[in-house]
Amino acid sequence: MQVNAYAAPEAGAPLALTTIDRRAVGENDVLIAIEYAGICHSDIHTVNGDWGPQPFPVVPGHEIVGTVAEVGSGVTNHQVGDRVGVGCMVNACRECVNCLRGDEQYCTNGMVGTYAMTDRDGTTTQGGYSTHVVVDANFVLSIPEGLDPAAAAPLLCAGITTYTPLKHWNAGPGTKVAVVGLGGLGHMAVKIAHALGAEVTVLSQSLKKQEDGLRLGADHYYATSDPDTFAVLASRFDLIVNTVSAAIDVNAYLGLLAVDGTLVNVGAPPTPFQVDAMSLIGARRSFAGSMIGGIAATQEMLDFCAEHGIASEIEVIAAEQINEAYERVLASDVRYRFVIDASTLS
């Protein structure tokens with residue numbers, strides 16, 4: 001079927017309205033009528049070519065919420081009319097050791113991203129800046145009734161990207177967690193860490209978002225542009241979640257960790273970090289990375305957010321505002337996630 005979509009025709013070019021083909025609904029597929037699609041910084045990195053050549057034209061979008069319009073004959077976990085979501089992946093081998101333990105995002109045969117990737121049938125995946133998408137039912141999530149669908153869309157990337165490391169490194173009562181950056185990822189990390197029971201500190205370049213940070217659940221807020229911050233907070237944290245997609249002084253932040261503390265990177269800057277081994281050795285510290293989560297973990301995150309009343313802080317836009325929204329994301333002029341109203345693509 002042909003559907004309307006917004007696509008980037010080539011690297012760095014403005015996105016424009018077009019039509020794309022969606023495959024016929026197979027036995028194990030779900031056709032989703034998209035209601036909302038979040039704008040992630042990864043979308044911008046991809047269409048700008050920051051992460052290498054892409055199979056243009058590219059339709060971005062991996063924060064998708066909509067309703068089931070059709071299901072294949074073999075689908076039992078979703079039915080027409082259900083509100084569902086699709087995150088950053090739409091396929092994996094489901095046979096390797098990582099897939100079998102629920103870490104499909106680390107599929108050793110290569111997980112299939114929601115856009116700009118080659119699917120198992122050889123086609124190029126196209127994302128959620130469109131009116132409809134067809135997805136294997138095993139990669140479709142249920143959106144709990146308690147979540148606003150527009151504000152739930154960013155949970156499919158920003159939510160799971162921050163929930164996964166917080167859970168993996170045992171954020172909770174008695175732990176001190178710092179979140180670097182209060183943007184699309186950072187504001188979700190603050191909300192989730194607070195709900196898990198951790199003592200939460202925001203580390204941001206300035207104090208201009210301090211009021212927001214405290215409102216969202218942070219206990220403390222410090223400006224990293226103030227050199228005293230790194231002295232005052234030395235050896236303070238059990239876990240630091242770095243959410244920014246830009247270069248930081250990793251060694252300075254490692255100095256904020258307590259013994260056995262971990263700095264985990266979830267932002268994806270285009271340039272490598274420089275890490276001094278002595279920053280790790282001195283207190284048995286760890287520097288780690290984490291990306292999204294498996295399907296079961298993503299459903300767990302959605303249910304957790306519904307239980308705790310957590311959703312993204314959003315600004316809903318029409319499709320024709322996508323290019324302006326990209327510019328505003330790059331200028332840090334959004335609090336805290338743009339979400340496209342897919343009805344404006346009809």
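A few points on the structure.

Rules used in this analysis
Residues numbered from 1 in each chain as written. Predicted model: local features only at pLDDT ≥ 70, side-chain atom pairs only at ≥ 80, totals over all residues. Heavy atoms only, no water. Helix = DSSP H or I, 4+ residues; strand = E, 2+ residues; numbered from the N terminus. Buried < 20%, exposed > 50% of the residue type's maximum accessible area, 1.4 Å probe, protein only. Contact = heavy atoms within 4.5 Å. Areas by Shrake-Rupley, 256 points an atom, 1.4 Å probe, with all protein chains shown as cover. Lys, Arg positive; Asp, Glu negative; His and termini not counted. Charge placed at Lys NZ, Arg CZ, Asp CG, Glu CD. Pairing = 2+ DSSP bridges. Axes fitted to C-alpha atoms, helices over the stretch in contact; angles between N-to-C directions. Phe/Tyr/Trp six-rings, centres within 6.5 Å; stacked < 30°, edge-to-face > 60°.

Concerning the overall build of the protein chain
Alright, step 1. When its secondary structure is counted, the protein chain shows 11 helices and 17 strands.
Alright, step 2. With the principal axes as the frame, the protein chain shows a C-alpha extent of 60 × 40 × 35 Å.
Alright, step 3. In the protein chain, which comprises 346 residues, the share counted as buried stands at 54%.
Alright, step 4. Residue pairs in contact within the protein chain that sit at least 24 positions apart in sequence constitute 67% of those at least 6 positions apart.
Alright, step 5. Of the roughly 14300 Å² of accessible surface on the protein chain, 48% is carried by carbon and sulfur atoms.
Alright, step 6. Averaging the coordinates of the 18 positive side-chain charges in the protein chain and doing the same for the 38 negative ones gives two points 6 Å apart.

Some words on the sheet that holds strand β12 (residues 220-223)
Alright, step 1. Pairing is parallel in the open sheet, where six strands are placed in the order β12-β11-β10-β13-β14-β15. The sheet is open, and its two edges are formed by β12 and β15 (286-289), each paired on a single side. Averaged over all pairs of adjacent strands, the angle between strand axes in this sheet comes to 20°, irrespective of strand direction.
Alright, step 2. Bridging between strand β13 (residues 237-242) and strand β14 (residues 257-265) involves five bridges; their strand directions are parallel.

Section: the packing of aromatic side chains
Alright, step 1. Throughout the structure, instances matching the rule amount to three aromatic pairs.
Alright, step 2. With a centroid separation of 5.2 Å and 85° between ring planes, the pair formed by Phe230 and Tyr253 is classed as edge-to-face. Taken as a pair, Phe230 in helix α7 (residues 228-232) and Tyr253 in helix α8 (residues 250-254) lie far apart in primary sequence, 23 residues in all.
Alright, step 3. On the accessibility criterion, Phe230 (22% relative accessible area) is partly exposed.
Alright, step 4. Their ring planes at 75° and their centres at 5.9 Å tell us that Phe273 and Phe287 sit as a pair that is edge-to-face. Highlighted residues: Phe273 in the loop between β14 and α9 (277-281) and Phe287 in strand β15, separated in sequence by 14 residues.
Alright, step 5. Here Phe273 falls in the partly exposed class, since its relative accessible area comes to 22%.

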